Structures are given as C-alpha cells and as structure tokens.
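Observations on the three-dimensional arrangement
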2 protein chains.
Amino acid sequence: MDGSLNKIGPKTNPRISDVARVAGVSTATVSRVLSNPSMVSAKTRDHVLAAVTETGYRINLAARNLRRRQSGGIVVLVPHLSNPFFSQILSGIARVASEAGLNVLVADTREPEGADRQIADYLFNNRADGLIVLDGNLPESMFQPPHNDRDMPPVIFACEWVEGHDEPAVTIDNRHGAALAVEHLIALGHRRIGHIMGPRDNILTRQRADGVRDALSAAGLEADQRWFLDGDFTLASGIAAAPHWLALDERPTAVFCSSDAMACGFMSELNRHGVQVPGDVSVVGFDDIEIAAHFIPALTTIRQPRGAIGEVAAGMLLDLMRGPDKDGKPAEGGSRTLPIELIVRNSTAAPNPSRT
Amino acid sequence: MDGSLNKIGPKTNPRISDVARVAGVSTATVSRVLSNPSMVSAKTRDHVLAAVTETGYRINLAARNLRRRQSGGIVVLVPHLSNPFFSQILSGIARVASEAGLNVLVADTREPEGADRQIADYLFNNRADGLIVLDGNLPESMFQPPHNDRDMPPVIFACEWVEGHDEPAVTIDNRHGAALAVEHLIALGHRRIGHIMGPRDNILTRQRADGVRDALSAAGLEADQRWFLDGDFTLASGIAAAPHWLALDERPTAVFCSSDAMACGFMSELNRHGVQVPGDVSVVGFDDIEIAAHFIPALTTIRQPRGAIGEVAAGMLLDLMRGPDKDGKPAEGGSRTLPIELIVRNSTAAPNPSRT
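Presented here is a report on the structure given in the accompanying data block. (Residues numbered from 1 in each chain as written. Chains lettered and ligands numbered in written order. Predicted model: local features only at pLDDT ≥ 70, side-chain atom pairs only at ≥ 80, totals over all residues. Heavy atoms only, no water.)

1. What about the overall build of chain A?
Let me state the cut-off plainly: Note on conventions: DSSP H or I runs of at least 4 residues are helices, E runs of at least 2 residues are strands, and numbering of each starts at the N terminus. The buried label applies to any residue whose accessible area, calculated with a 1.4 Å probe on protein chains only, is under 20% of its type's maximum; exposed applies above 50%, and partly exposed to all values in between. Contacts are assigned to residue pairs with any non-hydrogen atoms lying within 4.5 Å of each other. Accessibility throughout is a Shrake-Rupley quantity obtained with a 1.4 Å probe, and a residue counts as covered only by protein chains that appear here.
Per the secondary structure count, chain A includes eleven helices and twelve strands. Here chain A holds 356 residues, and the buried ones make up 54% of them. Of the contacts made within chain A by residues no fewer than 6 positions apart, 73% connect residues no fewer than 24 positions apart. With the model as given, the accessible surface of chain A reaches about 15800 Å², and the carbon-plus-sulfur share is 48%.

Okay, here's the thing in structure tokens:
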C-alpha cells in the first residue's frame, strides 16, 4: 500500500481511483463507502477511510450532487402557507433535513390558483431530491411525470394524503381525535353537540365527522345534520359559521371545530354578539396551534404532535432517498400514525342549566 | 419565403434557424422576439411570429431555461416562517410571480440554526432566478458568491434590509408607524406609555423605538427606559414581557408592542393575571396580522399593507430579472416605501381615572 502513494504526484488532486488503488478495492466500493457506509462491511469501510486520509482525497459534493442530479434540497408542498398549523411541522422537517445537509424549500400549492401545476414542472426538472406533501387534494397529474426520462423524486405524505396512492404517509388518527373531543363534551354533560367541518372534499373532514358520529352514537345521542356546519379550516370560515349557529332554532350547547383557527374565529364572532364561551357554549378545536393556549378563553383542543410529524416525515423521506440497503431491500415504506392528545383548557365547561 | 419552408423535412422539428430563415432575420432577432418582445419593432415582431406559426416552431422552455441557467423559480428568504406576519406578503409575491410563470419557494433562514448558510449554497448553485429577502440579519457572506464563475441572482429586500447594501427594498416607514401608535395613546389621554420592543439587533426595533421617543417627546412626555421592555416579535416574548410589566412600581397605563403577536401574548398573560384590556391598560400592536381583528379584545394596531409589499417586491424583482431594457438602461433600482395606517379597535381606551 505504501508504494502506491508515490504514483500520485504531489500537486495532483487525488481521485477516487487513487483511493481505490490504495485501499485495494474497486472505485464502486469507495463510492459506496462515501455515499452509503451502511452498505459496506466495517472492515472494508475502515480500509477505504484510511485510504481517503492517506491520499488526501476530498469529496467534491457539488459535483457529486450534479452527477446524481441531486439538488441538495427537499421541497415541502403545503396547502395555504398562511395556515399556522403548518409552521411547527415545517420546523420539524427542517431540523431533520438540516442534520442531513439538505435545504428545505416550501411551496404553497393553493395560492395563487394553479400553483400546483407550475410546481409540478419545477419538481420534474430535478429541482428537488425529495418531496413532502401536506396536501391531499393535489391533481392526479402531479404524480405522473410528463416525460419518461424524468423520475419523480421520492414522496412522503404527511397529515393529508391522496387516496389510491401508495406513497408512505405520516398521519394521526383523525376519527379517534374527533371522538375524543366529543367524548369530552359528553362527559361535561352536553347532549346537543354541533360540529364545524373542514372542506367537504378533504379526507380529514370525512374522518373527523365520522369520529363525531361515533362518539354521539356511542352515547345514544343524535347527530343532527343541521348542527354540522360548513367550514374550510380557516379563521374566516369560523367567523362565517357563527351566524349560522346563532340562527339555529335549538342551538347546541357545545361545538367541536375541525381546526383551532375555525374555533378562534367562531369564538371571536360569538363574543361580538355577546355570546359567552364557555358560559353559553363550549368550544373545542383541533390541532393545538400556538395561539390556542393564549386565546381568551384558552382553547380546549386535540393536540397534534406537529413537530414530531415533521421530524418523522423527514426521516422517512431521507430513508427513501438513500435507496435500497445492501441486501437490495427497499427502504421501509410503511406509514406511521402518531399519537394525539386531548388538552383541556378554559373554552369548555358543563352546560349552563338554564340553557340545556 | 414560401420556398424556404420546403427545406424543412416534414418530420424534422423546426429549429430557431428555420424561423430566422423564413422571417429573413438573424437567429438573435428571433430569440429576442421570443424572450423579450418589447425590445423589437412591431414590424419585425410580426414577421417573426408569422414565421414561428409557418414553421411550427415550438419553444423548448425547459431547454431555454437551462441555457440561461434559469430555474423557473424565485426564492423568498423568511426569518421564522412560523411568524404569521409573513403569510400575506408571501401570497402577494406568489400572485405576481405566478402571472410571470414563476414558482415561489420559501426558505426559513433561522430554523434550524445555520439554515442561512446552507441556503446560500443552494442559491449559488443557480437554483433561483431571483431572491426576495425578508431577513435583515443575514450574514454578510450570504451576498458574496463563493466562486467567481457564479452570479448571485438579483435581490430585493422587503420589510427588513441589510444596512450598507444597495439592493432595492420595499419597506414602510417604521418610525412614523410607531409614532402614530403612540400619538393615538396620547390622544386618548395616556401619559405613562410603555413599549415592548423587537430583537435588539433588528433594524425595525431601532426605528420603531425612535418613533416612540419622537411622539413622547413631541407631547412633552418622558420616555422612561424602565418602560421599554425586551421582546423578539414572537407571541412567546409578549407573554414573557407581562410579568416584567406587572412588576413595575409605577405601571404605564398603555403599552405599544412592536408586533401584533407580542401584543396578543401580552394581553393573554395579563388576562390570566386578572388585568383587563383596555380597562386597566391599553394595548396597541403593529402589523395587523389576521388574528388581530379577532382577538378578544380586537387589537388596535398599525396596518402594514402586507399583500402590496409582496406584490411590489415581486414586481421589482421581475424588472431586475428582465435585465436592462433595449436602450441598455438598467431596470429601475429604486426602493419603495408603502403607506401604513392606524386601525383603532377595542384594545385601546382612555385611561381609567382611578389608575392614572
């Protein structure tokens, strides 16, 4: 081994073939050690790393990325960046991606209209090494490369997902979460319970509405369709739902909202009409966004582990990006369901006896 | 002209040289018509476009972008994506960029730590055609390409800016905005007025604190340094400021917060301690984020035209990206200052006579 070093002139940049010769292995093995050390035995790894040190070989990361058509970045597709729900998920993704030396770029799939199709072009032009999708309503075409010579980068869904696709997803049990919220209201003594829903074409909306019906039905209570009000997860839609609730003949004494933003908008508008929370009506949200704990009154809600959702999604994506392991087994592609939690604060109380 | 078409075989993809021949112009002129029609006379433009139709020439956008090293996207650098202040600015940018056929990707410069340096690498690898920077505390190195053969894409600052750089900026008059807020409190009869500040190294913090002093001084009031409390624009820092305010010997009867998020956190924490807004203390915010109008009480604040800031910044960036016009004159590089407005809601009132 010692003699072989002399073949490298002092001013020549050592190349991968030099490392291979010094280590007595193929250049493919050197490449494997540098890109995916877990694919190589510890003994070979040590040989190669010693040869890297001996030759002074420097990995040209930019060139390597170019060769692999890697961009050094992952892209996260978010429906409505303005929704504060996504911020902690993005932080979780960024923490994990950053440790792997990857940038995180975020694109809004809904604003402006048509953004989803423009983004598809961008992705198929190899601008992303991987994709985390938080929007379950993307068009089907998004997942079909326009040219056969271009691969879609690996995809992980988080929170939402597109039905019929088998990309792995990180989710929570939305149906169970909604049931937890309604069970809390039932335990407080509420018997007339309303629900402000998400957008009707959204998979979370259906699952959470099912959870509401599960809990009501288990308690022998009616799921009155007039008490299921439309919303779209936004603050504005919570405000818009308030007059509909106020106009009901027989108002529910409690309302479960499918997002915290809607719950805040709903409470704000009720307050403007002199209706007290929780004195006149109890309100539960979903998500536990930052403002929930600090709204007046502080909002009872279902906490989603948002940081963990981001971290797990990024970890799963990195696994996919690394490709098959040394036995040729593809990276684990299983989906993960993370736990949720009921957080009781000041927006829920027993029903006012004069109003039940 | 008719005969020349015969030189193109029926199965050959027509090339730009075919168009040039048919139109009787140079390929450079064809290219100019297709990329920047305003640079070419109407007559030539008509000739060339007729030739494009005649030959069936299709512009290969992907190849064109590649040749120009264009990515088809602009990148927006945001400090703390979780700050709801940025959402409407991003929407404004996306509206304008989308009309120009450009994607918008957003990167957080602060989370996780060191993200700013990773992003710099990405940008210098020609991943962005242009850059809108909303972070005035980026490291100097960000603006110095690591290699001479790589150009920094054009940059526009918005909201914040890096002092000593001459990139054009879209801003508001922060000093005037803070003065407006304090003048409103003075007009209500307040004489002891406190201020919760942004991060000390932030340019907005200094300008707004100056505006507070301007207004106090103009009214012959004291700017008591003990009433200038630390914050960092976040909700959490507004919460953290509350105990400091509560511990003051002689509390101000009104507090101007340098962000709405801080104002909401401050009001929330005061409420937990049984202190009423505006009964016990008046609170003014800055920004007019979405929740401001719907917090309880609704927050008096200084409205920044956030959508317009985004639109103007994107428009200025597109001008820079188009480069010099046909007379060789560079695109307008001037900065713009957009108007702000005091929005009076329910968090401010005359001081309680028993407490002044």
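2. Comments concerning the sheet that holds strand 8 (residues 254-257) of chain A
All names here are of chain A. Let me state the cut-off plainly: By this definition, two strands are paired if DSSP reports at least two bridges between them. Fitted lines through C-alpha atoms serve as axes, helices being fitted only where they are in contact, and the angles separating the N-to-C directions of these axes extend from 0 to 180 degrees.
Spatial ordering of the open sheet is given by 7-6-8-9, a layout of four strands whose pairing is parallel. Both edges of this open sheet fall to strand 7 (228-229) and strand 9 (282-284), since each of them pairs with a single strand only. Note: strand 8 against strand 9, three bridges, orientation parallel. Residue pairing in the sheet places Ala254 in a bridge with Ser282 of strand 9. Its contacts with the sheet place helix 7 (residues 174-188) against strand 6 (193-196), strand 8 and strand 9, and it is angled at close to 165° to strand 8.

3. Remarks on the pairing of strand 5 (residues 169-172) of chain A
Residue and element names in this part refer to chain A. Burial of the side chains of strand 5 extends over both faces: Ala169 and Thr171 are buried on one face and Val170 and Ile172 on the other. One ladder, built from two bridges, connects strand 4 (residues 155-158) with strand 5; its direction is parallel. If you follow Ala158 over to strand 5, its bridge partner there is Val170. Relative to strand 11 (residues 336-338), strand 5 runs parallel, the two being bridged by three bridges. Opposite Ile172, over in strand 11, you have Leu338 as the bridge partner.

4. Some words on the packing of helix 5 (residues 87-99) of chain A against helix 11 (residues 306-322) of chain A
All names here are of chain A. Put simply, the rule is: Should an angle fall under 35 degrees it is taken as roughly parallel, and over 145 as roughly antiparallel, whereas 65 to 115 is taken as roughly perpendicular and any remaining angle as oblique. Two helices cross in a left-handed way if the nearer one is turned anticlockwise from the farther one by less than a right angle. They cross in a right-handed way if the turn is clockwise. Polar here means any residue outside two lists: the nonpolar Ala, Val, Leu, Ile, Met, Phe, Trp, Tyr, Cys and Pro, and the charged Asp, Glu, Lys and Arg; Gly therefore counts as polar.
Look at helix 5 against helix 11: their axes get within 7 Å of each other, and the N-to-C directions meet at 40°. For the element pair helix 5 / helix 11, the angle class is oblique. Considering the relative orientation of helix 5 and helix 11, their crossing is right-handed. Along its contact with helix 5, which presents Ser87, Gln88, Ile89, Gly92, Ile93, Arg95 and Val96, the element helix 11 presents Arg306, Gly307, Ile309, Gly310, Glu311, Ala314, Gly315 and Leu318. The residue makeup of the contact of helix 5 with helix 11, split by class, is six nonpolar, six polar and three charged.

5. Observations regarding the sheet that holds strand 7 (residues 228-229) of chain B
Residue and element names in this part refer to chain B. If you trace the four strands from one edge of the open sheet to the other, you get 7-6-8-9, paired in parallel fashion. A single partner strand is all that each edge strand has here, and the edge strands are strand 7 and strand 9 (282-284). Here strand 6 (residues 193-196) pairs with strand 7 via two bridges, running parallel. Paired with His195 across the bridge in strand 7 is Phe228. Helix 9 (residues 203-218) contacts strand 6, strand 7 and strand 8 (254-257) of the sheet and is inclined by roughly 175° relative to strand 6.

6. Thoughts on the relation of the copies chain B and chain A
Note the following rule: Alignment of copies: least-squares fit on C-alpha atoms of residues with pLDDT of at least 70 in both copies.
The two copies are related by a screw motion: chain B maps onto chain A through a turn of 179° and a shift of 0.0 Å along the axis, at an RMSD of 0.4 Å. Given the turn and translation reported, the copies of this chain are related as if by a two-fold rotation axis. Proximity to the rotation axis, assessed at the C-alpha, singles out Val106 of chain B in chain B; its C-alpha lies 2.6 Å from the axis. Interface residue correspondence from chain B to chain A reaches 97%, placing this contact among same-surface, isologous pairings.

7. Points about the nonpolar core
Selection criterion: To form a nonpolar core, buried Ala, Val, Leu, Ile, Met, Phe, Trp, Tyr and Cys residues must be joined to one another through side-chain atoms within 4.5 Å.
One finds Ile132 and Trp245 of chain A together with Ile132, Trp245 and Phe266 of chain B to be the most contacted residues of the largest nonpolar core, which totals 196 residues. Those residues in contact with Phe266 of chain B, other than ones at most four positions away along the chain, are Ile196, Gly238, Ile239, Ala241, Ala242, Trp245, Val255, Cys257 and Val283 of chain B.

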